[in-house]
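Letter by letter, the chains look like this.
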Amino acid sequence: MAKCIQSDMECAALCRSAAELMSLGSNYSKVLCKICADACNTCADECEKHAEMGMEHCKECAEACRRCAEACEQIAKAA
(Lines give C-alpha, C1' and ligand atoms only; values in the text may rest on other atoms or scores of the structure.)
Protein backbone atom coordinates (compact mmCIF):
# COMPACT_ATOMS: atom_id res chain seq x y z
CA MET A 1 0.00 0.00 0.00
CA ALA A 2 2.94 2.37 0.48
CA LYS A 3 3.43 2.70 -3.28
CA CYS A 4 -0.29 3.41 -3.69
CA ILE A 5 -0.30 6.10 -1.02
CA GLN A 6 2.82 7.75 -2.50
CA SER A 7 1.22 7.71 -5.94
CA ASP A 8 -1.99 9.23 -4.52
CA MET A 9 -0.08 12.05 -2.84
CA GLU A 10 2.00 12.83 -5.92
CA CYS A 11 -1.08 12.81 -8.13
CA ALA A 12 -2.96 15.14 -5.78
CA ALA A 13 -0.01 17.56 -5.65
CA LEU A 14 0.26 17.67 -9.44
CA CYS A 15 -3.51 18.15 -9.81
CA ARG A 16 -3.45 21.08 -7.38
CA SER A 17 -0.52 22.63 -9.22
CA ALA A 18 -2.16 22.18 -12.63
CA ALA A 19 -5.40 23.73 -11.39
CA GLU A 20 -3.51 26.69 -9.92
CA LEU A 21 -1.54 27.31 -13.12
CA MET A 22 -4.71 27.09 -15.22
CA SER A 23 -6.40 29.64 -12.94
CA LEU A 24 -3.46 31.97 -13.55
CA GLY A 25 -3.66 31.50 -17.31
CA SER A 26 -0.10 30.20 -17.29
CA ASN A 27 1.71 29.21 -20.47
CA TYR A 28 2.90 26.13 -18.56
CA SER A 29 -0.59 24.74 -17.97
CA LYS A 30 -0.56 22.38 -20.94
CA VAL A 31 2.84 20.95 -20.08
CA LEU A 32 1.85 20.36 -16.49
CA CYS A 33 -1.50 18.88 -17.55
CA LYS A 34 0.37 16.28 -19.62
CA ILE A 35 2.48 15.36 -16.61
CA CYS A 36 -0.64 15.35 -14.43
CA ALA A 37 -2.39 12.97 -16.88
CA ASP A 38 0.59 10.61 -16.70
CA ALA A 39 0.57 10.71 -12.90
CA CYS A 40 -3.19 10.15 -12.76
CA ASN A 41 -2.94 7.12 -15.02
CA THR A 42 -0.08 5.71 -12.94
CA CYS A 43 -2.11 6.28 -9.78
CA ALA A 44 -5.16 4.62 -11.33
CA ASP A 45 -3.07 1.60 -12.33
CA GLU A 46 -1.82 1.22 -8.78
CA CYS A 47 -5.25 1.73 -7.20
CA GLU A 48 -6.82 -0.80 -9.56
CA LYS A 49 -4.51 -3.47 -8.14
CA HIS A 50 -6.04 -2.94 -4.71
CA ALA A 51 -9.55 -2.53 -6.10
CA GLU A 52 -9.27 -6.06 -7.48
CA MET A 53 -8.74 -7.22 -3.89
CA GLY A 54 -12.06 -5.70 -2.85
CA MET A 55 -10.98 -2.28 -1.61
CA GLU A 56 -13.85 -0.05 -2.68
CA HIS A 57 -12.07 3.22 -1.89
CA CYS A 58 -9.27 2.20 -4.27
CA LYS A 59 -11.82 1.49 -6.99
CA GLU A 60 -13.31 4.96 -6.50
CA CYS A 61 -9.85 6.52 -6.53
CA ALA A 62 -8.91 4.72 -9.75
CA GLU A 63 -12.10 5.87 -11.45
CA ALA A 64 -11.53 9.48 -10.37
CA CYS A 65 -7.92 9.34 -11.55
CA ARG A 66 -8.97 8.05 -14.97
CA ARG A 67 -11.49 10.90 -15.33
CA CYS A 68 -8.86 13.42 -14.29
CA ALA A 69 -6.32 11.94 -16.71
CA GLU A 70 -8.81 12.23 -19.58
CA ALA A 71 -9.55 15.87 -18.75
CA CYS A 72 -5.85 16.72 -18.42
CA GLU A 73 -5.06 15.00 -21.73
CA GLN A 74 -7.74 17.10 -23.44
CA ILE A 75 -6.30 20.30 -21.96
CA ALA A 76 -2.76 19.29 -22.90
CA LYS A 77 -3.84 18.72 -26.53
CA ALA A 78 -5.95 21.89 -26.84
CA ALA A 79 -4.75 24.34 -29.43
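Residues numbered from 1 in each chain as written. Predicted model: local features only at pLDDT ≥ 70, side-chain atom pairs only at ≥ 80, totals over all residues. Heavy atoms only, no water.

*Asks:* What am I meant to see in the side chain of serine 29 here?
*Replies:* By the element assignment, serine 29 lies in helix α2 (residues 29-51). Among the residues examined, serine 29 registers a relative accessible area of 8% and is labelled buried. In terms of polar contacts, serine 29 uses its side chain to reach the backbone amide nitrogen of methionine 22, at 3.4 Å. Discounting residues that sit within four places of it in the chain, serine 29 has contacts with Leu21 and Met22. (Helix = DSSP H or I, 4+ residues; strand = E, 2+ residues; numbered from the N terminus. Buried < 20%, exposed > 50% of the residue type's maximum accessible area, 1.4 Å probe, protein only. Polar contact = N/O pair within 3.5 Å; in protein donor to acceptor, adjacent residues only side chain to side chain. Contact = heavy atoms within 4.5 Å.)

*Asks:* Quick question: what am I supposed to make of the nonpolar core here?
*Replies:* Grouped burial of nonpolar side chains is what soluble globular proteins tend to show. Cys11, Cys40, Cys43, Cys47, Cys65 and Cys72 are the most contacted members of the largest nonpolar core, which totals 16 residues. Sorting the residues of this core by element identifies α1 (2-24), α2 and α3 (56-77) as the ones contributing at least two each. Counting residues per element, this core draws most heavily on α2, which supplies 8 residues. Apart from residues lying up to four places away in sequence, cysteine 72 is in contact with Cys33, Cys36 and Ala37. (Core = buried A, V, L, I, M, F, W, Y, C linked by side-chain atoms within 4.5 Å.)

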